[in-house]
Amino acid sequence: MTLFSNICVFVALSLCQSLVLAINNGYYGFNPSVASYLPEKPQNIMNPVDSCWRHKSDWSANRKDLADCAVGFGSSALGGKKGNIYVVTNPNDNAANPKPGSLRYGVIQDKPLWITFAKDMVITLENELMVNSYKTIDGRGAKVEIAFGPCITIQQVTNVIVHGISIHDCKPAKYGMVRSSTTHVGHRKGSDGDAIAISGSSHIWIDHCFLASCTDGLIDVIHASTGITISNNYFTQHVKVMLLGHNDNFVQDVNMKVTVAFNHFGPRLVERMPRVRRGYAHVANNRYDKWIMYAIGGSADPTIFSEGNYFIASDKSNSKEVTKREVKGGWNNWRWRTSKDVFKNGAYFVPSGYGSVDLPYSSAQRFTVAPGNMVPSLTADAGPLNCNRNLPCY
């Protein structure tokens, strides 16, 4: 090869490495336009979820301890804590008759299971993955992707934890037979192409995942789902990011309670971080990098408490507002409040309503929300972590 060719190869490899680092780097990301709005040096601190387990070198021998680390409304999610370890050994999928060793075989079992992965794998699902109650999908120790097909459905179940996997490029599911338990296989009419669709379910925790570029939403929480925590995730390259609440007329969603904390909403996100209908959303210690339309929106009189977030607005003059009410008028009494938030590049939050927005947390759900200026550090490791056995997960 010529010297010029060698230089070209070196540059190409450097660019690839930079892209990989960008995807996994939660502090500066790969969007240099936000660097000037961040502290020069991150503080060496962890958020309450991560400090619960990441410093322990024996995490791989005590995986189930993770279930004790959730905060907020989903803090009681047990996942498969009371069950055996199930190891996924291959990425193959059969929607109606899953085989032992596959992810689907594990998630449809009727008993609690803590699901891990024997090796790195990309799983392209044949149809939507119906997760049964009392399951943990734990990607620590492997690079696990669910991509290029239908993705995860959590419907009419309870106590599910999804941790440490990448979910991207999800496609709509087709009409067909899908197994949801060991005793039931039935016709599904297809799904919309969400990364994770949570419907009619409770005690759910989504933590340290990478979510991007799906046909519909990245996370939907609908049909009276409640007791949900969405934490430490990295979101990027998507339009409608997160929907909380089915539609304006679905009154049962008034009981929905969702905590959205320590997430990094990265570059090229348009709207819904989240969009809330009717229920209560505590949006705390998240980082927002230059949304295209708005960051937090809603309709049908939800309660939204934005606390200790770090908002970096778009450079466009008409996209500075954090908030958007999806209604022409009549929202003045909606309880939308901001506290300890940091606003950069002209970002601003329009509050509304009267009366208390005190958090309806139990003592077990409550956690300390840091001032917004600490968020770049608290979210520095959002997304899947590179964890090695017998070492702390740093």
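Residues numbered from 1 in each chain as written. Predicted model: local features only at pLDDT ≥ 70, side-chain atom pairs only at ≥ 80, totals over all residues. Heavy atoms only, no water.

So, unusual backbone geometry
Excluding glycine, most residues fall at negative phi; most peptide bonds, likewise, are trans. Cis geometry is found at the peptide bond from methionine 273 to proline 274, where omega equals 5°. On the secondary structure map, proline 274 appears in the loop between strand S22 (269–271) and strand S23 (275–277). Positive phi outside glycine occurs at asparagine 232, with the angle close to 60°. Its location among the elements puts asparagine 232 in the loop between strand S16 (226–231) and strand S17 (234–236). Given a relative accessible area of 1%, asparagine 232 falls into the buried group. Residues other than glycine seldom take positive phi values, yet aspartate 301 does so here, at roughly 60°. With respect to the helices, strands and loops of the structure, aspartate 301 is situated in the loop between strand S26 (296–299) and strand S27 (303–307). (Helix = DSSP H or I, 4+ residues; strand = E, 2+ residues; numbered from the N terminus. Buried < 20%, exposed > 50% of the residue type's maximum accessible area, 1.4 Å probe, protein only.)

Some remarks on the sheet that holds strand S15 (residues 219–222)
If you walk across this open sheet you meet the eight strands as S4-S7-S12-S15-S19-S23-S26-S29, and the pairing is parallel. Taken across any chain shown, the strands that pair with only one partner, and hence form the sheet edges, are strand S4 (129–130) and strand S29 (323–325). Pairing of strand S7 (residues 152–155) with strand S12 (residues 196–199), which is carried by four bridges, proceeds in the parallel orientation. Opposite glutamine 155, over in S12, you have serine 199 as the bridge partner. (Pairing = 2+ DSSP bridges.)

As for the sheet that holds S27
One key point about sheets: their strands pair by backbone hydrogen bonds, in either a parallel or an antiparallel sense. Spatial strand order, S1-S2-S5-S8-S13-S16-S20-S24-S27-S30: ten strands in an open sheet with parallel pairing. The sheet is open, and its two edges are formed by strand S1 (84–88) and strand S30 (336–339), each paired on a single side. Adjacent strand axes in the sheet meet at a mean angle of 10°, parallel and antiparallel pairs treated alike. Pairing of strand S20 (residues 257–261) with strand S24 (residues 280–284) involves five bridges; the strand directions are parallel. By the bridge assignment, alanine 261 is partnered in S24 with alanine 284. (Axes fitted to C-alpha atoms, helices over the stretch in contact; angles between N-to-C directions.)

Some thoughts on the environment of threonine 236
Among the secondary structure elements, threonine 236 is positioned in strand S17. With a relative accessible area of 1%, threonine 236 lands in the buried category. Considered as a pair, threonine 236 and aspartate 50 are 186 residues apart in the sequence and their alpha carbons are 21 Å apart. In contact with threonine 236, not counting residues within four places along its chain, are Phe210, Leu211, Ala212, Ser213, Gly266, Pro267, Arg268 and Leu269. (Contact = heavy atoms within 4.5 Å.)

Geometry only, nothing functional implied.
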